[in-house]
Amino acid sequence: MSTENLPQSPEQPPRKPRVAVVFGGRSSEHGISVVTAGAVLAAIDRTKYDVLPIGITRDGRWALTADEPERMAITDRRTPDVEELAESSEGGVVLPVDPASREVVYSEPGSVPKALGEVDVVFPVLHGPYGEDGTLQGLLELSGVPYVGSGVLASAVGQDKEYMKRVFTSFGLKVGPYVVIRPREWEQDRSAARRKIVDLAGEHGWPLFVKPARAGSSIGITKVDDPSGLDEAIEEARRHDPKILVEAALRGREIECGVLEFEDGPRASVPAEIPPPAEHAYYDFEAKYIDSTPGVVPAPLTPEETAEVQRLAVEAFEAASCEGLVRADFFLTEDGEFVINEINTMPGFTPISMYPQMWQAGGVSYPELVDRLVQAALRRPTGLR
């Protein structure tokens, strides 16, 4: 029997890739993560991708949230919170743990779980522990779901400033003088821990910067001008992380450079300079996000200095086995040497953040930047690579 004259069923249009934007989290950087998510949700191309916003509350609940980027902004010097955006105070989102399925499920107490559909890629815009440090990346690897940004190892190295510096040193990158105070050191012999810090100052001078070893956004950092301020600074850092890092101050200019993964490998952005903020002791959280101290883009560097910091930024990206994106922060010392301070594997990503601004200056708009990151994640397999 011929089927030539039978009605043909219309072809289904191809499904758009589904992007789950995951944000919030349990770290001190919860609010900035929500702000970043608002910017990404506003910029992502809805004609090209379906989007599923998932917020993680401060206590770790995965919540289905409203897709309303305008509610994810800093208002009256206050950062937003996932609880304010969650569609339910009790419902939870569950990612698959079977690599053969990417079906996301939503459930509420007393209700039948509801399938939300498959997720093709996760865009994790979490900052700090429990999201940027390899923990979420490990969960996504187990689930077999591609994701934006670095894998487990690079994320962990990028979060722990001690091991980040050890990796960079092993690859020949220059880092500044520092000491680490581990939890047991402080708890068992505070006098010895203080002496270790004072010895650092004795060799390199005051001030020192006391900071959590595994935090970002300048949270928990104190500039200490003499020994009398040490204990208070240590306790402030330990509120965010029981392991602390103490760094000698470096005299020089603060220079940042972005790295983005293109089809042919990582490339460096136009560098930026962070001038000393007029109303702050250093480039702290409020200077970055509340008062929005502007950076200078592009940085006023010589062509040779620009090429060198771009080379070093890509070298740091490769040294830590990073993927997707990185912001590398340097000091250009008075003797003309670049010293790497740290990298961020998921840097601040709001429109006023330096990472997008540096790429904007190089001709890559914010929406294009978001698209390139999603496409890089879709190209990359999960598992060993």
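Residues numbered from 1 in each chain as written. Predicted model: local features only at pLDDT ≥ 70, side-chain atom pairs only at ≥ 80, totals over all residues. Heavy atoms only, no water.

Chemist: How should the sheet that holds strand β5 (residues 103-107) be read in this particular structure?
Modeler: Strand pairs in the sheet, formed through backbone hydrogen bonds, run parallel or antiparallel to each other. Taken in spatial order, the three strands make up an open sheet running β4-β5-β6, and their pairing is antiparallel. Of all the strands in the sheet, the pair left with one neighbour each is β4 (92-94) and β6 (114-118). Each adjacent strand pair in this sheet contributes to an overall mean axis angle of 25 degrees, direction not counted. Sheet topology places β5 next to β6; four bridges connect them, and they run antiparallel. Paired with V105 across the two strands is A115, which belongs to β6. (Pairing = 2+ DSSP bridges. Helix = DSSP H or I, 4+ residues; strand = E, 2+ residues; numbered from the N terminus. Axes fitted to C-alpha atoms, helices over the stretch in contact; angles between N-to-C directions.)

Chemist: Could you clarify how one ought to interpret the nonpolar core in this entry?
Modeler: Ranked by internal contacts, the top residues of the largest apolar core, which has 33 residues, are V21, F23, F123 and F349. Beyond its immediate sequence surroundings of up to four residues, V21 is in contact with A37, V40, L41, V51, L52, P53, I54, F123 and V125. V259, A313, F330 and I343 belong to the second-largest nonpolar core, a separate cluster that totals 26 residues. (Core = buried A, V, L, I, M, F, W, Y, C linked by side-chain atoms within 4.5 Å. Buried < 20%, exposed > 50% of the residue type's maximum accessible area, 1.4 Å probe, protein only. Contact = heavy atoms within 4.5 Å.)

Chemist: What am I meant to see in the pattern of salt bridges here?
Modeler: Oppositely charged side chains may form a pair once their charged atoms are brought near each other. The final tally for this structure, using the stated rule, is 34 salt bridges. Two residues, E323 and R385, come together in a salt bridge whose shortest N-O distance is 2.7 Å. Taken together, the positions of E323 in the loop between α10 (303-319) and β15 (325-333) and R385 in the segment after α12 (366-379) put the pair 62 residues apart, joining distant regions of the chain. Among the residues examined, E323 registers a relative accessible area of 14% and is labelled buried. Three or more residues joined by partner-sharing salt bridges are found here, namely E141, E261, E323, R380 and R385. (Salt bridge = Lys/Arg side-chain N within 4 Å of Asp/Glu carboxyl O.)

Chemist: Help me out: how do you make sense of the side chain of E261 in this one?
Modeler: With respect to the element layout, E261 can be found in strand β12 (residues 252-262). Taking the relative accessible area as the measure of exposure, E261 reaches 18% and is therefore buried. Separated by 2.6 Å, the side chain of E261 and the backbone nitrogen of G324 make a polar contact. Here R380 takes part through its side chain, which lies 3.4 Å from a polar atom of the side chain of E261. (Polar contact = N/O pair within 3.5 Å; in protein donor to acceptor, adjacent residues only side chain to side chain.)

Coordinates in, geometry out; function isn't part of it.
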